[in-house]
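# Commentary on secondary and tertiary structure
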Amino acid sequence: MEKSKPALSNWVFLRGDGSPEIGMGHIYRLLAIAEYLESNCQIGFISYNSEIESILPEYVRFFPLENNVGNIEAEFSQIKNIQGIKDSSIVVDSYTFKNEYFKKLKSLVHKLIYIDDLFISNTSFDIVVNHSIFSKKEDYTNTNNCTYLLGTKYALLRKEYLQRMQSITAPSPQSTFKTIFICFGGSDIHSFSTKMAEILSLMPEIKTINIVTGVFNQKNNISESIFQNPKIKFHQGISATKMIEVIEQSDLCISSASTISYEICALRKPLIIGFYAENQINLYNGLIDCKLGLGLGDLRLLSSKKIAAFLETYIKLDFESYIENQIKYFDGRSAERISNRILSE
């Protein structure tokens, strides 16, 4: 069925891309913003990735860019011709754009909102959202004319997670872990998921291992033995509702220090985390320092033997205090806070 086309007024545009190399994190954070604003605004999504149109909600109108990645002038000439863009608001989630791009974009729109996790300062930004636990205004140099929405009070969680949080009862202490959830991003180009699964499948107490990947994961570098392992179940490109179901069916979750780790915290689950990219370090340090989960460190530096030693130790521990801290840092009201600030500024 063809998606409905909203009227061209009161627009908020989202600008972001995804790929096997960078995964889908930028896309899903922007879709969280779309969910927060959709009852008050028309939503447009601007991207080079035509593949993402299939995952957009019906209320989001897709505006594809021609394939001139990296050509600021070519991209800007396309964006400025989008009907409704002038004097609109635009939310950008990307590490590739520089000062010149933001200046051009700001000259076109009323409000420029940037989703950040690398503490990027720019005089063109009107609002910055950084949900890293320890992010603070002093980390930025442009503080005079910019509103900063910082910390887990502004966690970019999709509405399905926020709604589920309202009905979760106090978790019971977990004594054994039989079902494990693993997710290392939408593409998992380093195959950390399958490496973890192979190690866990050798542990007799582990009965089921749920591996979740995104639409960009090709499974080309996965051995046949993984597919034939009766303990391992693959879930690819699943909805947020299905993701919640898989997480809640699992006793212990292992993930990268990305938005997925926040989603796990929102569902009050024992969590083990690692990182493999520079933009994950701040999130990782916050999760570890605030004792929301147990850490594996830089996954790129760990041998299979070292990973096995960590996991064998961690699955014997009590996570009750960690779940109490998850409750403290994630209260389920981030959508309300973010939408109020974006719409009122």
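Here the structure is a predicted model, which is why all the values come from computation and not from measurement.

Reading the values: the criteria
Residues numbered from 1 in each chain as written. Predicted model: local features only at pLDDT ≥ 70, side-chain atom pairs only at ≥ 80, totals over all residues. Heavy atoms only, no water. Pairing = 2+ DSSP bridges. Helix = DSSP H or I, 4+ residues; strand = E, 2+ residues; numbered from the N terminus. Axes fitted to C-alpha atoms, helices over the stretch in contact; angles between N-to-C directions. Contact = heavy atoms within 4.5 Å. Core = buried A, V, L, I, M, F, W, Y, C linked by side-chain atoms within 4.5 Å. Buried < 20%, exposed > 50% of the residue type's maximum accessible area, 1.4 Å probe, protein only. pLDDT = per-residue confidence, 0-100. Lys, Arg positive; Asp, Glu negative; His and termini not counted. Salt bridge = Lys/Arg side-chain N within 4 Å of Asp/Glu carboxyl O. Polar contact = N/O pair within 3.5 Å; in protein donor to acceptor, adjacent residues only side chain to side chain. Phe/Tyr/Trp six-rings, centres within 6.5 Å; stacked < 30°, edge-to-face > 60°. Arc of directions from axis to C-beta. Disulfide = S-S within 2.5 Å. Parallel < 35°, antiparallel > 145°, perpendicular 65-115°, else oblique. Left-handed = near helix turned anticlockwise from the far one by under 90°. Nonpolar A, V, L, I, M, F, W, Y, C, P; charged D, E, K, R; others polar.

## Concerning the sheet that holds strand β12 (residues 271-275)
Read across the open sheet, the 6 strands follow the order β10-β9-β8-β11-β12-β13; overall the sheet is parallel. Since the sheet does not close on itself, it has two edges, and those belong to β10 (232-236) and β13 (294-298), each with one partner. Ignoring which end each strand starts from, the neighbouring axes of this sheet average 15° apart. Contacts from helix α7 (residues 240-249) reach β8 (179-183), β9 (208-213), β10 and β11 (252-256), with the element oriented near 135° to β8.

## Digging into the nonpolar core
The nonpolar side chains of soluble globular proteins are, as a tendency, buried together. One finds L14, I33, Y36, F45, L157, F181 and I247 to be the most contacted residues of the largest nonpolar core, which totals 60 residues. The leading source of residues in this core is helix α1 (residues 25-37), at 8 residues. Sequence-distant contacts of I33, defined by excluding residues within four places in its chain, comprise L14, V91, I115, L156, I338 and I342. I180, I206, I272 and A308 belong to the second-largest nonpolar core, a separate cluster that totals 31 residues.

## Quick notes on the confidence of the model for the chain
Per-residue confidence for the chain gives a mean pLDDT of 89; residues scoring 70 or more make up 91%. This model gives residues 1-8 a pLDDT under 50, and the stretch forms 15 contacts once residues within four places in sequence are excluded.

## A look at the side chain of D251
Mapped onto the elements, D251 comes out in the loop between α7 and β11. Although D251 is buried, it forms no salt bridge, and the closest oppositely charged side chain is K269 at an N-O distance of 5.4 Å. Among the polar contacts listed, one links the side chain of D251 to the backbone nitrogen of K178, at a separation of 2.9 Å.

## Some details on the packing of aromatic side chains
In this structure the tally under the stated criterion is 18 aromatic pairs. Considering the side-chain rings of F97 and Y101, the 3.9 Å spacing of their centres and the 10° angle between planes classify their relative orientation as stacked. A ring pair is formed by F97 and F102, whose centres lie 6.3 Å apart and whose planes are at 90°; its orientation type is edge-to-face. Here F97 and F102 have matching classes, each one buried.

## Digging into the pattern of salt bridges
Applying the stated criterion across every chain yields a total of 14 salt bridges. Here K136 ties to D139 by a salt bridge, and the two come within 3.3 Å at their closest N and O atoms. Judged by relative accessible area, K136 falls into the partly exposed class, the value being 43%. Exposure remark for D139: the relative accessible area of 29% places this residue in the partly exposed category. One connected set of salt bridges, linked through shared partners, spans R15, D17 and E75.

## Side note on helix α11 (residues 320-329)
Of the positions making up α11, those classed as buried are Y322, I323, N325 and Q326. Down the axis of α11, the buried set is contained in an arc of 155°. They therefore lie on one face.

## Examining the sheet that holds strand β4 (residues 89-92)
Judged by pairing direction, the sheet is parallel, and its 7 strands sit side by side in the order β3-β2-β1-β4-β5-β6-β7 without closing on themselves. The sheet terminates laterally at β3 (60-64) and β7 (147-150), the two strands that pair on one side only. For this sheet, the mean inter-axis angle between neighbouring strands, taken without regard to orientation, is 20°. Where helix α12 (residues 334-344) meets the sheet, it contacts β5 (111-115), β6 (127-130) and β7, and its direction lies at approximately 175° from that of β7.

## Remarks on unusual backbone geometry
Positive phi, normally seen in glycine, also occurs at D87, with a value near 65°. The topology assignment puts D87 in the loop between α2 (72-79) and β4. Look at R268: it is not a glycine, yet its phi comes out positive at around 60°. Among the structural elements, R268 can be located in the loop between α8 (259-266) and β12. R268 sits in the buried class, given a relative accessible area of 11%.

## Points about the state of the cysteines
Under the criterion given, the structure shown has 0 disulfides. Of the cysteine sulfurs around C183, a residue in no disulfide, the closest is that of C253, at 9.8 Å. C253 takes part in no disulfide bond, and the closest cysteine sulfur to it belongs to C265, at a distance of 9.5 Å.

## Remarks on the packing of helix α5 (residues 192-201) against helix α10 (residues 304-314)
Across the interface, α5 lies against α10 with an axial gap of 10 Å and an inter-helix angle of 60°. Of the possible angle classes, the one that applies to α5 and α10 is oblique. Note that α5 runs across α10; the crossing there is right-handed. Note on element contacts: α10 touches α5 through S304, I307, A308 and L311, opposite K195, M196, I199 and L200. Residues that form the contact of α5 with α10 fall into these classes: 6 nonpolar, 1 polar and 1 charged.

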